[in-house]
Amino acid sequence: MTTENMKLSRRGFLGLGAAATAAAAAAGLAGCAPKTMAETGPAEPEGYTWETAPEPITEVDATEETDVVVIGGGIAGFSAACSAAEKGAKVVLLEKTGAGQFRGIDYGAIGGKLQLEAGIDLRDRKQDVLQEVLRWGDHRGDYRVVKAWVDHSAEALDWAADMLTNHGITIAPIPMEMQVIPDAWYEHYATDAFQIVPTDELIAEGGEAGYEPPFAIGWAKAFTAYAGELGVDVRFNTEALQLVQDEAGAVAGVVCEDKAGVTRIDAKAVVMATGGYGNDEEMMDAFIPGHAEDVHNISTPPRNTGDGIRMGAWVGGAIDEAPHCPMYFDEGVEGLEHMPSIPLTRQPWLYLNDLGERFCNEDMPYAFVCRAHNAQPRHMKWVFWDSKWEIDGPAMGMVVCKDFRSPLHNPEEIQQFIEEGTILSADTIDGLLAKMEGIDAETAKASIERYNELCAKGCDDDFGVAGSDMAAIDTPPFFCIKGDVGMSGINAGVMVDNRYRVIDTEGAPIPGLYAAGIQAGNPCGGINWSMPGGFSNSHIFTAGRYTVIHALTGDMTPAHPASFEDLADSFVGEDGGYAWDSPLCATAITVW
């Protein structure tokens, strides 16, 4: 940053960033300086792009006025826009791409009505869940932000369930047995509320449209329809360019651009819901040290280039201190642009490094497994299993996205990976090791023999894996995959308070500016991401809904709070009972 810029007072800086902020406001909109990873180079000597606000845009083709502008059309953005419209507000939603942007599989809560009806009640354990989130994040996470999720997630997810079912999207609660491992060495909390049932229609339609997973298109269909019913002015292919500030430094609108020209939209509140920065080289270098060596597959959408974080910084918003918390998954494969999250390769099978040695407890949360194998030669691991996997894998009882459930578990896809050589296979251990480039075959063979001895004993004296989570490698054919790290996003960005107001470096809220979604707050804290089931999506959802509730009312009370009675009829079966009352519920969900 230049000396002249460093001398600016906060108010002076805010004034500079007024329109300038909007330039980044597009948050995924492409109007401002953010570039994709392929386009960006090393940071300029004067500092990072978010440290110096661009000149305000003063020439526009049109001026409009509304109550709330939401920047970003994902889960957080549509939640905010629809919740504001329910309050009677006039709302404009800006999305730089041509459709709603939705991802994710599971959606969590504490005390949601669907959970209670399924026999899952964590209402008396809210503080336990909160402390567990903070513990896994080394207590660097923001207690207030996590508590906001703990307190409001149930209502937000019940509201979402109602919205989905009212628009023809079938959902199903997640049974306890699909969330909790009874004999695990750390406690699992059954926070997963529901998932969209992956019908053939949604999978086909979502796959063609490029949604990941394909059935996430259910969110786009339902939310787009609901927003239309509420009168939300949804503008696709529209890039936010800068935030607008008044003389006092309050955020008072957005400058945006579409094919018709540049428009300034004056508003009482602006909500940034623009996604993360997984495809911005400058931010990745600054906030995720070692990412170039550690991460082989980035499934973060290419549109996520940190735009909202820049916008927030340009108007004085604080950015969470480095290092940020990447959402690491043990599913990356070198050479593949995107490795599907297939449960088979992510079980706590035997893990060896290039030296042929075991190096960790394979049953750690996957972010911790990723950190462990990134400390090994070539930042990778070899994962071994054998032909008994169809029995041994499900018997381990892994949960959430490691569970052998459809559509994550796809036998046809597995066979394709074997035939292509992505998954290595052989009828002998020696033959398998011969196919593995870079491994010490002699030591690896000895490690496999030692591991099989421990499996026979039923006790892992070396690394402490529970006997029930071990499977001997003794029945051909044998399989192996070179496992690397995949990253789906970064849980960090501009700092917010417990009302999701963007705060400055002194902790004071910036009037008129809110942030929601993966770019907002610091729920994870540490460098290792390990959250209760469905937390990430639910945190995004809850923040989106409650940003505007507070912006419009000053409190955290919804205009139309959801109740189970609003949607109970959607889950009643032919016998008059609820589907999850049947012991076959878990099987039914898997079949779905």
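Heads up: the structure comes first, above all this text.
Here goes a summary of the coordinates provided.

Rules behind the numbers
Residues numbered from 1 in each chain as written. Predicted model: local features only at pLDDT ≥ 70, side-chain atom pairs only at ≥ 80, totals over all residues. Heavy atoms only, no water. Helix = DSSP H or I, 4+ residues; strand = E, 2+ residues; numbered from the N terminus. Buried < 20%, exposed > 50% of the residue type's maximum accessible area, 1.4 Å probe, protein only. Contact = heavy atoms within 4.5 Å. Areas by Shrake-Rupley, 256 points an atom, 1.4 Å probe, with all protein chains shown as cover. Pairing = 2+ DSSP bridges. Axes fitted to C-alpha atoms, helices over the stretch in contact; angles between N-to-C directions. Parallel < 35°, antiparallel > 145°, perpendicular 65-115°, else oblique. Nonpolar A, V, L, I, M, F, W, Y, C, P; charged D, E, K, R; others polar. Core = buried A, V, L, I, M, F, W, Y, C linked by side-chain atoms within 4.5 Å. Phe/Tyr/Trp six-rings, centres within 6.5 Å; stacked < 30°, edge-to-face > 60°. Left-handed = near helix turned anticlockwise from the far one by under 90°. Expected span 1.5 Å × (residues − 1). Arc of directions from axis to C-beta. Polar contact = N/O pair within 3.5 Å; in protein donor to acceptor, adjacent residues only side chain to side chain.

Okay, the overall build of the protein chain next. Per the secondary structure count, the protein chain includes 19 helices and 19 strands. A burial count over the protein chain gives 60% of its 592 residues as buried. Pairs at least 24 residues apart make up 78% of the contacts formed inside the protein chain by residues separated by at least 6 positions. If you sum the accessible surface of the protein chain, you get close to 22,400 Å²; carbon and sulfur atoms cover 50% of it.

Before going further, it helps to spend a moment on the sheet that holds strand E18 (residues 501-503). Here we have six strands laid out as an open sheet, ordered E7-E3-E2-E11-E19-E18, and mixed in their pairing. Looking at the sheet topology across the chains shown, the edges are occupied by strand E7 (233-236) and E18. Across the sheet, the mean angle from the axis of one strand to that of its neighbour is 30°, orientation sign disregarded. Of the pairings in the sheet, the one linking strand E2 (residues 68-71) to strand E3 (residues 91-95) comprises four bridges and is parallel in character. In the strand pairing of E3, Val-68 is matched with Val-91. Contacting E2, E3, E7 and strand E11 (269-272), helix H3 (residues 75-86) crosses the sheet at an angle of about 170° to E3.

Taken N-terminus to C-terminus, the directions of helix H7 (residues 200-209) and helix H8 (residues 217-230) make an angle of 90°; their axes are 9 Å apart at the nearest point. Here H7 is positioned roughly perpendicular relative to H8, judged by the angle of their axes. Taken together, the residues of H8 that come into contact with H7 (itself represented by Leu-202, Glu-205, Gly-206 and Ala-209) are Ile-217, Gly-218 and Lys-221. Of the residues belonging to the contact of H7 with H8, the class tally is three nonpolar, two polar and two charged.

This next bit is on the sheet that holds strand E1 (residues 62-65). Sheet architecture is open: four strands sit in the order E1-E10-E9-E8, paired in mixed fashion. Two strands in the sheet have a free side with no partner beyond their single neighbour: E1 and strand E8 (239-245). Each strand axis lies, on average, 25° off the axis of its neighbour in the sheet, ignoring direction.

As a further point, take the environment of Tyr-500. Following the sequence through the fold, Tyr-500 ends up in the loop between strand E17 (478-490) and E18. Relative accessible area serves as the criterion here: at 1%, Tyr-500 is assigned to the buried category. In this structure the C-alpha to C-alpha distance between Tyr-500 and Val-145, which are 355 residues apart in sequence, comes to 7.9 Å.

The next thing to look at is the nonpolar core. Among the nonpolar cores identified, the biggest contains 142 residues, and Phe-194, Trp-219 and Leu-243 are the most heavily contacted of them. Among the elements that line this core, the one with the most residues is helix H6 (residues 143-166), at twelve residues. One finds Leu-424, Ile-448, Phe-478 and Cys-480 within the second-largest nonpolar core, a separate group that totals 23 residues.

Our next topic: the packing of aromatic side chains. The full count for this structure, using the stated rule, is 18 aromatic pairs. Plain terms: the ring middles of Trp-159 and Phe-541 are 6.2 Å apart, the flat faces sit at 80° to each other, and that makes the pair edge-to-face. With Trp-159 in helix H6 and Phe-541 in helix H17 (residues 535-553), this pair connects stretches of sequence that are 382 residues apart. By relative accessible area, Trp-159 is classed as buried at 4%. Centre to centre, the rings of Trp-385 and Phe-479 are 6.0 Å apart; their planes meet at 20°, and the pair counts as stacked.

With that out of the way, let us pick up helix H5 (residues 126-136). Taken together, the buried positions of H5 are occupied by Val-129, Leu-130, Glu-132, Val-133, Leu-134 and Trp-136. In this fold, the buried residues of H5 make contact with H6 and helix H12 (366-374).

This part takes up the side chain of Asn-304. Relative to the helices and strands, Asn-304 resides in the loop between strand E12 (295-298) and helix H11 (307-314). Those residues in contact with Asn-304 that lie beyond four places of it in its chain are Thr-274, Gly-275, Gly-276, Tyr-277, Gly-278, Asn-279 and Asp-280.

Checked against the element boundaries, Ala-156 lands in helix H6. Separated by 388 residues in sequence, Ala-156 and Gly-544 place their C-alpha atoms 9.3 Å apart. For Ala-156, the contacting residues outside a window of four places in its chain are Phe-541, Thr-542, Arg-545 and Tyr-546.

When you tally the buried positions in E17, you get 13 out of 13 residues, the bulk of the element. Judged from the four bridges that link them, strand E13 (residues 326-332) and E17 form a sheet pairing that is antiparallel. Each residue of the ladder has a partner; that of Pro-326, found in E17, is Ile-490. Both strand E15 (residues 381-386) and E17 contribute to a ladder of six bridges, which runs antiparallel. In the strand pairing of E17, Val-383 is matched with Ile-481.

Moving on, we get to the packing of H5 against H6. Here H5 crosses H6 at 140°, and the two axes come no closer than 10 Å. The pairing of H5 with H6 is recorded here as oblique in orientation. For the pair H5 and H6, the sense of crossing is right-handed. Each of Lys-126, Gln-127, Val-129, Leu-130, Gln-131, Val-133 and Leu-134 in H5 lies in contact with H6, whose residues at this interface are Tyr-143, Val-146, Lys-147, Trp-149, Val-150 and Asp-151. Its residues assigned to classes, the contact of H5 with H6 shows eight nonpolar, two polar and three charged.

This part takes up unusual backbone geometry. The omega torsion across Ala-322 and Pro-323 is 0°, close enough to zero to call that bond cis. Mapped onto the secondary structure, Pro-323 falls in the loop between H11 and E13. A cis amide bond links Pro-476 to the next residue, Pro-477, at an omega of -5°. Relative to the helices and strands, Pro-477 is located in the loop between helix H16 (441-457) and E17. Of note, Asn-237 is a non-glycine position whose phi angle comes to about 55°, a positive value. By secondary structure assignment, the location of Asn-237 is in the loop between E7 and E8.

This part covers H16. Between its first and last C-alpha atoms H16 spans 24 Å; for 17 residues at 1.5 Å apiece the expected length is 24 Å, and the two agree. Three or more residues of H16 are buried, namely Ala-444, Ser-447, Ile-448, Tyr-451, Asn-452, Leu-454 and Cys-455. Axial view of H16: buried residues confined to an arc of 160°, hence all on one face. Away from its buried face, by an angle of more than 90 degrees, H16 presents the exposed residues Glu-442, Ala-456 and Lys-457. Close packing links the buried residues of H16 with strand E14 (350-352), E15 and helix H15 (429-434). Of the residues flanking the start of H16, the one acting as N-cap is Asp-440, its side-chain oxygen 3.3 Å from the backbone nitrogen of Glu-442.

So far we have only geometry, and geometry alone does not tell us how the molecule works.
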